[in-house]
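# Structural description and commentary
These are the residues of each chain, in order.
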Amino acid sequence: MNDRDKTQTRTLHGKWDLLEHLVRGGIHADEDLAQDAAEAEKLQRKQEYEAFNRKLSELKFGKYAFFLNYGYVQNDNPSFAKFTPRESEFDVNSRRLVYEVIGDCPLDDLDVVDVSCGRGSVCMALHGRFHPNSYLGIDLSSEAVAFCREHHQIPNFQFEEGDAESLPLASESRDVVINIESSHNYPRIGAFFNECFRVLRPGGWLLYTDLLAPKAFARHTRLLQTIGFTKTRDADITSNVLSSCDETAERRMVAYKDPEERSYMADFLAAPGSETYRAMEQGLLCYRLFTFRKITQTSSPTNS
Ligand SMILES: C[S@@+](CC[C@H](N)C(=O)[O-])C[C@H]1O[C@@H](n2cnc3c(N)ncnc32)[C@H](O)[C@@H]1O
């Protein structure tokens, strides 16, 4: 399949079809897109997320829609989260996912960049529980960044529009890169991983989770290790995420009345019975969580 066909497959029916995009389009599984096809793909993705954020802003509860991830429910899988959010906390499962991704990374006094921050899920989960020296949320969507600037006014926390594949950051300027449920959008994942390595200081942490075809994860791990990262954690959390979808998707779906919108959102939220949910159940898509470290000969991480 050529780059053009791949892009068309991924935008079938003029909507973002996650399953098509991830499983049949095979994004990331074999190779990155060529630069021009990648730019077209990103423009398309940006437009979709701008429209999605505008749509949320029109809804009554939109100002409370901070978390755009599927969430995590604890089961027999080992858990590394330092905090357990209270059941009464808003979007408790999505917060749990953020704490699970952070795991044993200390974060306090460190410089943190959250690539594809969306509407501020990491920022919400960090605030009051962790004390980074700085937090910068970057997202391709100007609507998402505007929302974050309006709703998360916290000292040392900032938000900027930017592309994960070309981060607007100086080399070796951050200690931690966080990336949650977003990398499936990047047509050149290799460029993103190179950027993570470039912006991290020696000893730095890449805290990373996403939903992809198993084959794509094998390629990701190879790419990251070739760049120079050391893998320190690798967990399949598909069952935790499915349990979260069981609990939360229907609740979130209540806002969508129109049948076409409902079918679109059912996949977006991986509601039980949706194609995305079934793909996870069948193992066509897998939700994995990783910690990678930039361990170099000169790095002497105080936090290892
Ligand atoms: C499913 S949301 C996840 C947001 C957030 N991490 C969370 O957990 O709520 C994916 C995000 O990726 C962003 N995104 C897509 N492509 C991007 C790119 N090339 N660079 C930066 N952000 C991008 C979208 O705008 C969107 O906010």
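Throughout, a residue's number is its position along its own chain's written sequence, starting from 1. Local features in this predicted model are restricted to residues of pLDDT 70 or higher, and side-chain atom pairs are both shown and tallied only at a pLDDT of 80 or more, whereas totals for entire chains, interfaces and linings draw on every residue. Side-chain metrics rest on all non-hydrogen atoms present in the structure, leaving aside hydrogens and water.

### Things to note about the overall build of the protein chain
Here is the rule we go by: In DSSP terms, a helix is any run of H or I states spanning at least four residues, a strand is any run of E spanning at least two, and both are numbered starting from the N terminus. Shrake-Rupley sampling with a 1.4 Å probe provides the accessible areas, and residues are treated as covered by the protein chains on show and by no other component.
Secondary structure assignment for the protein chain yields 11 helices and 7 strands. Summing over all exposed atoms, the protein chain offers an accessible surface of approximately 13200 Å²; the carbon and sulfur share of this is 49%.

### Side note on the sheet that holds strand β7 (residues 286–293)
We count it as follows: Strands were regarded as paired on the criterion that DSSP finds at least two bridges between them. Axis geometry follows a simple rule: fit a line to the C-alpha atoms, using only the stretch in contact for helices, then measure angles between N-to-C directions, giving values from 0 to 180 degrees.
Spatial ordering of the open sheet is given by β3-β2-β1-β4-β5-β7-β6, a layout of 7 strands whose pairing is mixed. The sheet is open, and its two borders are formed by β3 (157–161) and β6 (230–236), each paired with just one other strand. Neighbour to neighbour, the strand axes of the sheet diverge by 15° on average, direction disregarded. As judged from the 6 bridges shared by strand β4 (residues 174–180) and strand β5 (residues 200–212), these two strands associate in the parallel manner. Considered in β5, the bridge of Val177 is made with Leu206.

### Points about the confidence of the model for the protein chain
To keep things clear, this is the line we draw: Summary of the metric used: pLDDT quantifies the predictor's per-residue confidence within the range 0 to 100. In this description, contact between two residues means that some pair of their heavy atoms is separated by no more than 4.5 Å.
Confidence in the prediction of the protein chain, expressed as mean pLDDT, is 86, and 86% of residues score 70 or more. Every residue in residues 1–16 is under pLDDT 50, and counting partners more than four places away or in other chains gives 33 contacts.

### Focus: the pattern of salt bridges
Rule in force here: Salt bridges are defined as contacts in which a side-chain nitrogen from Lys or Arg sits within 4 Å of a carboxyl oxygen from Asp or Glu.
One pass over the structure, following the stated rule, counts 16 salt bridges. The partner of Lys42 in a salt bridge is Glu39, with the nearest N and O atoms 3.3 Å apart. Of this pair, Lys42 and Glu39 both sit in helix α3 (residues 35–58), 3 residues apart, which is roughly one turn of that helix. One network of salt bridges, with partners in common, ties together Glu39, Lys42, Asp163 and Glu165.

### Topic: a nonpolar patch on the surface
Quick note on the threshold: Patches in this entry comprise residues that are over 30% relatively accessible and not in a salt bridge; like charges within 9 Å are linked, as are nonpolar side chains (Val, Leu, Ile, Met, Phe, Trp, Tyr) within 5 Å. The buried label goes to any residue with under 20% of its type's maximum accessible area, the exposed label to any with over 50%, and the partly exposed label to all in between, with areas taken from a 1.4 Å probe on protein chains only.
Together, Phe61, Tyr64 and Phe90 give the surface a local cluster of nonpolar side chains, amounting to about 300 Å² of exposed area. Structurally, the position occupied by Phe90 is in the loop between α3 and α4 (92–102). Classification of Phe90 as partly exposed rests on a relative accessible area of 44%.

### Comments concerning the site of the ligand
Put simply, the test is: A cutoff of 4 Å decides nearness: a residue is near a molecule or strand if any of its heavy atoms lies inside that distance of it. As used in this structure description, the phrase polar contact means that two N or O atoms lie within 3.5 Å; if the pair is within protein, one of them must be able to donate a hydrogen and the other to accept it, and residues adjacent in sequence are counted only when both atoms belong to side chains. Under this grouping Gly is polar, as are all residues other than the nonpolar Ala, Val, Leu, Ile, Met, Phe, Trp, Tyr, Cys and Pro and the charged Asp, Glu, Lys and Arg.
Neighbouring residues of the ligand: 20 residues in total, closest Leu68, Ser116, Ser121, Asp139 and Ala164. Between the ligand and Ser116, the relevant distance is 2.7 Å, taken from a nitrogen atom to a side-chain nitrogen or oxygen of the residue. At 3.0 Å from a nitrogen atom of the ligand is found a side-chain nitrogen or oxygen belonging to Asp163. Coverage of the ligand by the protein chains reaches 99% of its 600 Å² of free accessible surface. Looking at the shell around the ligand, its residues break down into 8 nonpolar, 8 polar and 4 charged.

### Brief notes about the nonpolar core
Side chains of nonpolar character tend, in soluble globular proteins, to be buried together. Threshold: The set of buried Ala, Val, Leu, Ile, Met, Phe, Trp, Tyr and Cys residues whose side-chain atoms join them within 4.5 Å is what this entry labels a nonpolar core.
In this structure, Tyr135, Val176 and Met280 are the most contacted members of the largest nonpolar core, which totals 44 residues. Here this core gets 5 residues from one element, more than from any other, and that element is α4. Ranked by size, the runner-up nonpolar core spans 26 residues in total, among them Ala164, Phe193, Phe217 and Phe290.

### Some thoughts on α4
Counting buried residues along α4, 11 of its 11 residues qualify, which places the element largely inside the surrounding structure. The set of residues buried in α4 consists of Val92, Asn93, Ser94, Arg95, Arg96, Leu97, Val98, Tyr99, Glu100, Val101 and Ile102. The elements touched by buried residues of α4 are α5 (121–126), β4, β5, β6, α9 (238–253) and β7. Following α4 by one or two positions, Gly103 has its phi on the positive side, about 50°.

### Observations concerning the packing of α3 against helix α6 (residues 142–151)
The description of two packed helices rests on the angle between their axes and on the distance between the axes. How we decide: In what follows, roughly perpendicular refers to angles from 65 to 115 degrees, roughly parallel to angles under 35, roughly antiparallel to angles over 145, and oblique to any angle outside these ranges.
Orientation of α3 relative to α6, taken along the N-to-C sense of each, is 40°, at an axis distance of 7 Å. Relative to α6, α3 is oriented oblique. Contacts from Lys46, Glu50, Asn53 and Arg54 of α3 reach α6 at Ser142, Glu143 and Ala144. Here the contact of α3 with α6 is composed, by residue class, of 1 nonpolar, 2 polar and 4 charged.

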